[in-house]
Structures are given as structure tokens and as C-alpha cells.
Amino acid sequence: MSLRWRVVLIVMLMNCAAVGLGLALGVGKARAAVRAEMTAALDAAELVLRSGGARPDLVTLDLRHVRAPGEASQRKRAPHWFEALVGIDEVVRDVAVGERRVAVVASPRDEVAEAWGELLGWFTVAAATLTLTALATWWAVTRALAPLHGFGRALEAMAHERPGGALAAAGTPELEAVSKRIAALDAGLLAERGRNAELSRALIELQDAERADIAREVHDELGPLLFAIGVDAHALTRADDGGGIDRAAVRERARSIGGLVGDVRAVSRRILGRLRPMALDHLPLSAVLADLFADARARHPDVALETELMGDLDDLGEAQTLALYRVVQEAVLNALRHAQPACVTVHVAASEEEVRVEITDDGRGIGAPAGHGVLGMRERVAALGGGVRIGTSDTGGAKVEVQLPRLSMAEAA
């Protein structure tokens, strides 16, 4: 059953209950009035008979509700069911008139018919009122619920990633509040879709830039090394073309090839590290971060890098471990490369509920808009239910704060 019909039905039931209560009160009032009228009529008839105002056979007696036995009432009667509901029978009284006794009968029918007439008029008004109330309730509920169709269309549009459009609440305060919340949700979803589209474009650009960097590194570093190895290998194959082998030249070429192979291995390790830190497959996160900090200190000996790792970082899921490593790596390298700091502080604290990272520096502070690395960092953390906040440190430099809900390896799996 629809809400409209439920409200109308409740109102009708309440009105019907009121009508039933009115009927009960009317019947009770009619019963008391009939008793009082019958008693008064009998007293009046007895007084008339004893005073000689009528013959004993009551031929000239003209009193309401009173008749002689056997006489039929000529007045209009109420319906039998109403008479039965009132439930008062005729009353017979013997009156002594001289030497005779006369039986006088008091009938309730006239008074019951009068009460019925009054109740009939009241019922007519009640029926009209009940009908008007039902119609008014139907109209009011229909008008009040009309905005819900607009709400449904707006939610359906938002579910299909379309604007919800303007909403009207027809002056209903409660629905106006819902309308404002839906409008705010619509605006928030539009803004979020815009941010997601911007982030998707940035991630595509970042992926393309990473591929270009890797391709350039392979071409500029691995290409020359492999070419040099090829030259040395070709020289080795032609070592005895002159009729004798120059052992010293062979050894030199062999050492050169060995050195070039080591260079290829180093470049390959660096490229693989950019794609995925291989150490994470073999070492705990705390040890990999320690290696990252040691490498940063070696590359930037003029910058004081202060680090503090608190709590257990070694039972996180793979996605969280990689995200935390990338966040710390990106924030530290950004500070070292762009902020020109004298000191960089890294604080990582792990609890049972979450992991918090705070990286601050005393450099030039926040300059240009966030680059692809920062966007990628935000996306990684947001995908795991966390958040990133970038602001200004107490020393005027940059401050990166990261909060990430903690998931164990079992939960992450």
C-alpha cells in the first residue's frame, strides 16, 4: 500500500472512530432522555386523570408518549435497529381514578424517534465532514509527496553519473532539508568526478612520462653499454686474425666486458627499482626504508636527514607496504631535489589501527602546484582508504602528512 493511501486510511479510521464515539454518546444521551420523558409523561397523565381533566378511558387525554393500552402510536418511528440499540421498553402504570383503576402506558418510541432525527442530522454533517477530510488529506499528501518523484529522478541521474538538476520541495521544511542534502551530494559528486577525471589524466600523463624516462634510460645508458660489449666481443673474435693472440689485449677486453656487464647490471637494477623495489620481496619494510635513507644521505651529504620509525611496519599487506614506501620515497626525494633544505625529518608511527607518516623540511616551502608524483601519491593512499595533507612546516618549509588505515597481511589478502 502506498504512503498516500496509508495516511488517508489512518485519517479515515480516526474519523470513523470519532463517529462511533459520537454514536455511543448519542445513544447514551437518548436513553437517559427517553427515561426522563417517559417518567414525566406518566406523572403528567396521572395528574390529569386524578384531577378529572379526562375521562377514565383516556379518550380525551392528549399527552406525548402516553396512550391507553391497545392504542397504536400514530407518530413516526425510528429504525428498529436504533430502537433496539436504545433498548427501553414501554412502561405501564396503574392510576386510581375514583373507584376505578386505569392503566396508562408510556411508550419510548416518540422520544427515540426524536433522538434518531437529531442523530441523523449529526450523521449527515459527520459524513460530509469525513468525505471532505478524506479529499483534503489526499490532496495534501499528494502535494507533499510530489517532490519525492523529483528526488528519485535526481538520484537515478546521479547513479548514472549525470547531474541531478534543480529540486523543488513544495514548501515542506522536512523535504526542503532532504532537497538541500541531495543538491549538496550532487555538487560533491560532480566535483569528485571532475577531480577523478583530472587525476586520471594526470596518471595517464605520469605513466607516459615514466615510460618515456625508462625508454630514454634504456636507450641512453643500456644502449651504449651493450654496444661497447658488442665491440669488445667482436675484438675478441678477431684476436688471432694477425697470426697470433695478444693475450694482454684479450685480458683487457675481457676486463672491459666484465666492467660493462657490471654497469648494465647496475642500470638494470635502477630501472627495476623504479618499476618495483625488488628488496620488498626479500626484506621487511623497515629495512628497505633504512636503505632508502642511507642512499639519500650518500647522495646528499650536505643535508641532515633525521628519521624515526616507531611501531611494527613489517606485517602490512603488499599494497600498503608498497604505498608507504612510495610515499616516503616521493616526499623525501621531492624535498631533497626541490626545496634546498638543510634538514629533512621523517617520522613514521605504526599503531594497531593506522600508520602515520610525517615528513618536514626547512627549505623553500611549497612552490609550484603538485606534480605527477604528488598526484600519484594521493591516489595510492586514497585507494587504500587513507588521506594525504600537504602544508607548511613550523620552519617555513613543506610538511607532508599521510594517514593510512592499518590492514594486516591476512586482511589485505
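Here is a short report on the structure shown in this document. (Residues numbered from 1 in each chain as written. Predicted model: local features only at pLDDT ≥ 70, side-chain atom pairs only at ≥ 80, totals over all residues. Heavy atoms only, no water.)

1. Considering the pattern of salt bridges
Defined as follows: Note on definitions: salt bridges are taken to be side-chain nitrogens of Lys or Arg within 4 Å of carboxyl oxygens of Asp or Glu. Numbering of helices and strands runs from the N terminus, with a helix taken as a DSSP run of H or I at least four residues long and a strand as a DSSP run of E at least two residues long.
What the rule picks out here adds up to 5 salt bridges. With a shortest N-O distance of 2.9 Å, E401 and R389 are connected by a salt bridge. Of this pair, E401 sits in strand β8 (residues 398-405) while R389 sits in strand β7 (residues 387-392), and the two are 12 residues apart along the sequence. Because the salt bridges share partners, they merge into one network encompassing R389, K399 and E401.

2. Points about the environment of A96
Rules: Any two residues whose heavy atoms approach within 4.5 Å at even a single point are treated as in contact.
Along the polypeptide, A96 turns up in strand β2 (residues 91-97). Each C-alpha atom, one on A96 and one on R50, is 7.4 Å from the other, the two residues being 46 residues apart in sequence. Among residues more than four places away in sequence, those in contact with A96 are R50 and R101.

3. Remarks on the pairing of β8
For clarity, the threshold we go by: Relative accessibility decides the category of a residue: with a 1.4 Å probe and only protein chains considered, values under 20% of the type maximum give buried, values over 50% give exposed, and everything between is partly exposed. For two strands to be treated as a pair, DSSP must find no fewer than two bridges joining them.
Side-chain alternation along β8 places A398, V400, V402 and L404 on a buried face and K399, E401, Q403 and P405 on a face that remains uncovered. The pairing of strand β6 (residues 354-361) with β8 spans 7 bridges and is classified as antiparallel. When the sheet's bridge partners are listed, I359 is paired in β8 with V400. Sheet topology places β7 next to β8; 6 bridges connect them, and they run antiparallel. The partner of T392 across the bridge, within β8, is A398. Remark: 5 residues form the turn of the hairpin made by β7 and β8, two consecutive strands paired antiparallel; G396 in that turn has positive phi of roughly 95°.

4. As for the sheet that holds strand β4 (residues 304-310)
Short version of the rule: Whenever a helix is involved, its axis is fitted only over the stretch in contact; in every case the axis is a line through C-alpha atoms, and angles between N-to-C directions fall within 0 to 180 degrees.
Taken in spatial order, the 5 strands of this open sheet run β4-β5-β6-β8-β7, and their pairing is mixed. Across the chains shown, the open sheet's two edge strands, defined by having one partner strand only, are β4 and β7. Strand-to-strand, the axes of this sheet are offset by a mean angle of 10°, without reference to chain direction. Bridge count for strand β5 (residues 343-350) against β6 is 7 bridges, and the pairing is antiparallel. Within β6, the position partnered with V348 by the bridge is V357. Along the sheet face, helix α6 (residues 285-299) touches β4 and β5 and points at about 175° away from the line of β4. The sheet strands contacting helix α7 (residues 318-339) are β5, β6 and β8, and the helix crosses β6 at an angle near 5°.

5. Observations concerning the nonpolar core
The test is simple: We define the nonpolar core as a collection of buried residues of types Ala, Val, Leu, Ile, Met, Phe, Trp, Tyr and Cys that are connected through side-chain atoms lying within 4.5 Å of one another.
Ranked by size, the top nonpolar core spans 34 residues in total, and within it L285, L289, V328 and V346 carry the most contacts. Those elements giving two or more residues to this core turn out to be α6, α7, β5, β6, α8 (372-383) and β8. With 9 residues, the single largest contributor to this core is α7. When sequence neighbours within four positions are dropped, the list of residues in contact with L289 reads L309, L313, Y325 and V328.

6. Description of helix α1 (residues 3-50)
Residue pairs spaced three or four apart in an α-helix point in one direction, given the helix's 3.6 residues per turn. Spelled out, the test is: Expected span of a helix: the number of residues minus one, times 1.5 Å.
The terminal C-alpha atoms of α1 lie 70 Å apart, and with 48 residues this matches the ideal 70 Å at 1.5 Å per residue to within 8%. Buried within α1 are the following residues: V8, G22, G26, V27, A30, V34, M38, A41, L42, A45, E46 and L49.

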